[in-house]
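# Structure at a glance
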Amino acid sequence: MTNQVQTIKEKLKDEIYRFIETFQIEVLIPQNILAIPMHIPLGLAMTEIISETGLPTIAHHHDFYWERDRFTASAVNDYLRAAFPPDLPHVEHVVINSMGQKELARRCSLPSAIIPNVIDFETPAPGIDGYNADLRAEIGLGNDDFLILQPTRVVARKGIEHAIELVRRLKEPRAKLVISHPGGDEGGAYMQLLRERIEDAGIDVRFITDRVGDERGINAAGQKIYSLFDIYPHTDLVTYPSYYEGFGNAFLEAVYFRKPVVVNTYTVYARDIAPLGFKTIEMTQLVSNQVVEQTRELLHNKVQREEWAETNYKLGLKYFSYAVAQRKLAARLANLFGEGI
């Protein structure tokens with residue numbers, strides 16, 4: 001196995017070196033490949049290239065191996081210590097939350113900067129247009145239905161069973177739960193669990209993964225493919241009951257599209273997002289009566305939804321816009337190249 005890892009690593013190094021030479025690369029930005037060991041030879045290859053070339057590097061870490069249970073027991077701890085992430089000069093480490101920053105310092109004695117996930121809040125969100133106007137009809141929803149969107153993959157840490165429970169307890173026939181993404185890389189047992197919960201709850205849930213893609217298009221059956229940004233304008237409420245998130249892209253998307261959110265107070269949300277003042281319906285590992293009543297009230301109170309949307313959008317613009325990322329990235333480049341950059 002060691003020989004196989006080394007063989008793949010050397011092939012990858014050759015290709016990356018060729019890429020660097022062809023395009024005259026001046027700075028490397030490895031995206032998460034030096035954090036989560038989904039591809040060990042690639043992480044090792046990138047680490048050796050950084051060490052051998054001395055190229056200035058901004059190592060962007062989203063998910064560390066110690067944040068995933070499935071990496072707890074390992075036969076490659078030497079590789080993990082060497083490359084996930086590496087301790088090298090001329091490398092600026094960037095994380096997406098304060099917990100990652102603290103754990104990276106504690107476990108690896110490495111300093112890092114926080115650059116959170118961002119969205120282009122400077123540009124207004126797209127709305128309903130000639131292409132996506134028929135989305136509700138295409139997925140079997142009426143104009144009077146409440147489209148409650150779960151905009152995540154179907155994996156256990158997303159807590160989708162809480163969204164099912166919330167819709168069940170709303171006792172609102174017009175409430176339809178729409179799940180936009182397929183399962184992940186963690187097996188099919190969770191999907192089976194959800195289907196059993198849905199059957200027991202007796203609610204209307206639509207899995208529309210066959211109608212959603214990265215871009216608009218046509219599927220094999222000749223039906224329209226919509227992007228996630230086609231779904232948000234039709235959405236009345238977003239559920240985000242995750243147990244764990246590295247940051248919270250779906251939360252930012254809901255804010256960007258001015259949609260109310262029911263959010264579980266996962267650690268990163270509680271530490272890095274909630275203190276900023278966002279208006280949300282918060283749950284803490286369970287769907288309480290208060291959460292149900294708040295949700296019911298919000299669905300029927302358009303004025304409150306609009307007030308929350310305006311407040312949240314302004315906070316998104318202030319803390320999670322492209323301008324924020326630009327400032328923070330410029331500081332990392334200045335550390336690598338000098339203040340004249």
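Scroll up for the structure.
Calculation rules
Counting from 1, residues in each chain are numbered in the order their sequence is written. Predicted model: local features are reported for residues with pLDDT of at least 70 only, side-chain atom pairs are reported and counted for 80 or more only, and whole-chain, interface and lining totals are derived from all residues. Where side-chain values are given, they derive from all heavy atoms of the structure, hydrogens and water being excluded. The criterion is simple. A nonpolar core is a set of buried Ala, Val, Leu, Ile, Met, Phe, Trp, Tyr and Cys residues joined through side-chain atoms within 4.5 Å. Burial classes: relative accessible area under 20% of the type maximum marks a residue as buried, over 50% as exposed, and values in between as partly exposed (1.4 Å probe, protein chains only). Secondary structure elements are taken from DSSP: a helix is a run of H or I of four residues or more, a strand is a run of E of two residues or more, and numbering for both begins at the N terminus. Residue contacts are defined here by distance: any two heavy atoms, one from each residue, within 4.5 Å place the two residues in contact. With axes taken as lines fitted to C-alpha atoms, and helix axes fitted only over the stretch in contact, angles between N-to-C directions fall between 0 and 180 degrees. Roughly parallel means an angle under 35 degrees; roughly antiparallel means over 145; roughly perpendicular covers 65 to 115; every other angle is labelled oblique. Should the near helix be turned anticlockwise from the far one by less than a right angle, the crossing is left-handed, and should it be turned clockwise, the crossing is right-handed. Polar here means any residue other than Ala, Val, Leu, Ile, Met, Phe, Trp, Tyr, Cys and Pro, which are nonpolar, and Asp, Glu, Lys and Arg, which are charged; Gly is therefore polar. One bridge is not enough; two strands pair if DSSP finds at least two bridges between them. Handedness of a crossover: with both strands directed away from the viewer, a clockwise path from the first strand across the helix to the second marks it as right-handed.

In terms of nonpolar packing, the biggest core is built from 37 residues, with Phe251 and Ile273 touching the most fellow members. Mapped onto this core, the elements with two or more residues apiece are strand 4 (146-150), helix 8 (228-231), strand 9 (237-240), helix 9 (249-256), strand 10 (261-264), helix 10 (267-273) and helix 12 (302-319). With six residues, helix 9 is the single largest residue contributor to this core. Ignoring any residue separated from it by four or fewer positions in sequence, one finds Ile273 in contact with Phe247, Phe251, Tyr266, Val268, Phe278 and Phe320. Within the second largest apolar cluster, 28 residues are counted, among which are Ile160, Ala175, Ile198 and Met283.

The relative placement of two packed helices is expressed as an angle between their axes plus a distance between the axes. Look at helix 1 (residues 2-23) against helix 2 (residues 40-53): their axes get within 8 Å of each other, and the N-to-C directions meet at 50°. With respect to helix 2, the axis of helix 1 lies oblique. Crossing of helix 1 over helix 2 shows right-handed handedness. The segment helix 1 lies against helix 2, with Val5, Ile8, Lys9, Glu10, Leu12, Lys13, Ile16, Tyr17 and Ile20 engaging Ile40, Pro41, Leu42, Leu44, Ala45, Met46, Glu48, Ile49, Glu52 and Thr53. Each residue belonging to the contact of helix 1 with helix 2 can be placed in one class, and the counts come to 13 nonpolar, one polar and five charged.

On to the packing of helix 11 (residues 289-299) against helix 12. At a closest axis distance of 6 Å, the pairing of helix 11 and helix 12 adopts a crossing angle of 100°. The angle between helix 11 and helix 12 places the two elements in the roughly perpendicular class. On the side of helix 11, the interface is formed by Glu297, Leu298 and Leu299, while helix 12 contributes Gln304, Arg305 and Trp308. Considering only residue class, the contact of helix 11 with helix 12 consists of three nonpolar, one polar and two charged.

Before going further, it helps to examine the sheet that holds strand 9. In spatial order, the strands read 6-5-4-9-10-11; together these six strands make up an open sheet with parallel pairing. With one partner strand each, in any of the chains shown, strand 6 (204-207) and strand 11 (281-283) form the two edges of the open sheet. The average undirected angle you get between the axes of adjacent strands in this sheet is 25°. Relative to strand 11, strand 10 runs parallel, the two being bridged by three bridges. If you follow Val262 over to strand 11, its bridge partner there is Ile281. Of the strands in this sheet, strand 4, strand 5 (175-179), strand 9, strand 10 and strand 11 touch helix 6 (residues 160-170), which is tilted by about 165° from strand 5.

What follows deals with the pairing of strand 9. Of the two faces of strand 9, the one carrying Leu237 and Thr239 and the one carrying Val238 and Tyr240 are both buried. Note that strand 4 and strand 9 share two bridges and pair parallel. For Ile148, the partnering residue across the bridge sits in strand 9 and is Leu237. The pairing of strand 9 with strand 10 spans three bridges and is parallel. In the sheet register, Thr239 faces strand 10, and the bridge partner there is Val262. Chirality of the crossover, the property in question, places the unit of strand 9, helix 9 and strand 10 among those that are right-handed.

Purely spatial values, then, with no claim about function.
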